[in-house]
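Residues per chain are reported as follows:
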Amino acid sequence: MPQATATDLIDQPALGESLRALARRGEIRRYRRDTLLITEGELGDTLFVILAGRLRSFAAGDGGREITYGVYGPGEYLGEMSLDGGPRSANVITLEPSVCAVVTRRTLQAHIAAHPDFAFELLAKVIRRARAATLSAKQLALNDVYGRLVLLLNRLAQARPDGTRAIDGHLTHREIAGHLGCSREMVSRLLKDLERGGYVAVQGPALVLARALPARW
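Okay, so let's go over this structure. (Residues numbered from 1 in each chain as written. Predicted model: local features only at pLDDT ≥ 70, side-chain atom pairs only at ≥ 80, totals over all residues. Heavy atoms only, no water.)

### Let's talk about the overall build of the chain
Consideration 1: A tally of regular secondary structure across the chain gives seven helices and twelve strands.
Consideration 2: C-alpha atoms of the chain, sized along the principal axes, occupy 55 × 40 × 30 Å.
Consideration 3: Classification of the 217 residues of the chain by burial places 41% in the buried group.
Consideration 4: Entry remark: accessible area of the chain is about 12100 Å², with carbon and sulfur atoms responsible for 54%.
Consideration 5: When the 29 basic and 23 acidic side-chain charges of the chain are each reduced to a single mean position, those positions are 4 Å apart. (Helix = DSSP H or I, 4+ residues; strand = E, 2+ residues; numbered from the N terminus. Buried < 20%, exposed > 50% of the residue type's maximum accessible area, 1.4 Å probe, protein only. Areas by Shrake-Rupley, 256 points an atom, 1.4 Å probe, with all protein chains shown as cover. Lys, Arg positive; Asp, Glu negative; His and termini not counted. Charge placed at Lys NZ, Arg CZ, Asp CG, Glu CD.)

So this is what it looks like as structure tokens:
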């Protein structure tokens, strides 16, 4: 299959009209899997509009432990938190081969001058992510690992016609651990216990929730 052109990627439905216009102003770059695009603490003034692939935003702590802030795909953008001239607030890495339109601060300013409504979209995005970060911090403080796992699975699962719910795609135990702020081994143990109990099942790349997860384990 031929590689999608930049025009094809920008014109996809996942991007709204204003974001398409912004992407057209940027420099199209292709990245391999596990490429670190943003490093926490560094200074930067670029925005990454995702056209293909998946990017993970995370923080790393002592002993190699990580906490995932979010996983983002086409139609999303990352890097907006540093546009005030301050340091980057998180790391961003590609989870698979990805394509981004890289937009500088000056280019973004020109885009906002031509499309003033995008300033409100950008502000709304910052507010939503701040709220999500607050919720994640609250969950980490008030729930044990299993409680956080239940919240994550229930949030990601989509209803199926047969009455079950499923998380489609390759969500690895390591990625789940990053969301929960725990070890991969802990996630593997909990999911194996739930599988033995008939609550979850693995069907190819999908994790199926066969019935309601118990509140406690």
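### Some words on the sheet that holds strand β1 (residues 27-31)
Consideration 1: Taking strand neighbours across the sheet as the criterion, the four strands line up as β1-β8-β3-β6 in an open arrangement whose pairing is antiparallel. Where the open sheet ends on each side, the last strands, each with one partner, are β1 and β6 (77-78).
Consideration 2: Bridging between strand β3 (residues 46-52) and strand β8 (residues 98-104) involves six bridges; their strand directions are antiparallel. The residue bridging isoleucine 50 from the neighbouring strand is cysteine 100, located in β8.
Consideration 3: In this fold helix α2 (residues 17-25) packs onto β1, β3, β6 and β8, with an angle of close to 110° to the strand it touches most, β3. (Pairing = 2+ DSSP bridges. Contact = heavy atoms within 4.5 Å. Axes fitted to C-alpha atoms, helices over the stretch in contact; angles between N-to-C directions.)

### Things to note about helix α7 (residues 184-196)
Consideration 1: The end-to-end C-alpha distance of α7, which contains 13 residues, comes to 18 Å, matching closely the 18 Å that a straight helix rising 1.5 Å per residue would cover.
Consideration 2: Within the sequence span of α7, burial applies to Val187, Leu190, Leu191 and Leu194. For α7, the angular spread of the buried residues around the axis is 95°, confining them to a single face.
Consideration 3: Buried positions along α7 lie against α5 (145-156), α6 (173-180), β11 (200-203) and β12 (206-209).
Consideration 4: Taken from the residues just after α7, glycine 198 is the one with a positive phi, measuring 80°. (Expected span 1.5 Å × (residues − 1). Arc of directions from axis to C-beta.)

### Section: the packing of aromatic side chains
Consideration 1: Per the stated rule, a full pass over the model turns up one aromatic pair.
Consideration 2: Between tyrosine 77 and phenylalanine 118, the aromatic rings sit 6.1 Å apart at their centres with planes inclined by 45°, giving tilted as the arrangement. Taken together, the positions of tyrosine 77 in strand β6 and phenylalanine 118 in helix α4 (residues 117-142) put the pair 41 residues apart, joining distant regions of the chain.
Consideration 3: For arginine 56, the ring lying beneath its charged end belongs to phenylalanine 58, and the centroid distance is 4.2 Å.
Consideration 4: Just above the ring of tyrosine 199 sits the side chain of arginine 211; from NZ or CZ to the centre is 4.0 Å. (Phe/Tyr/Trp six-rings, centres within 6.5 Å; stacked < 30°, edge-to-face > 60°. Lys NZ or Arg CZ within 6 Å of the ring centre and 35° of its normal.)

### Thoughts on α5
Consideration 1: With twelve residues, α5 ought to run about 16 Å at 1.5 Å a step, and its terminal C-alpha atoms sit 17 Å apart, in line with that.
Consideration 2: Restricting attention to buried positions, one finds in α5 the residues Val145, Tyr146, Gly147, Arg148, Leu149, Val150, Leu152 and Leu153.

### Description of the packing of α6 against α7
Consideration 1: Packing of α6 against α7 brings their axes to within 8 Å, and their N-to-C directions diverge by 105°. Looking at the two axes, α6 sits roughly perpendicular to α7. In contact with His173, Arg174, Ile176, Ala177 and Leu180 of α6, α7 contributes Arg184, Val187, Ser188 and Leu191. (Parallel < 35°, antiparallel > 145°, perpendicular 65-115°, else oblique.)

### Quick look at the layout of surface pockets
Consideration 1: Taken as a whole, the second largest pocket encloses approximately 480 Å³ of empty space.
Consideration 2: Broken down by secondary-structure element, the contributors of at least two residues to the lining of the second largest pocket are β4 (55-60), β7 (91-94) and α6.
Consideration 3: Among the elements that make up the lining of the second largest pocket, the one with the highest residue count is α6 (four residues).
Consideration 4: Residues belonging to the lining of the second largest pocket are distributed by class as follows: five nonpolar, seven polar and ten charged. (1 Å grid on protein atoms, 1.4 Å probe; cavity = no way out; pocket = protein on both sides within 12 Å on 5 of 7 lines; lining within 4 Å. Points joined across faces, edges and corners; volume = space filled by probe spheres on them. Nonpolar A, V, L, I, M, F, W, Y, C, P; charged D, E, K, R; others polar.)

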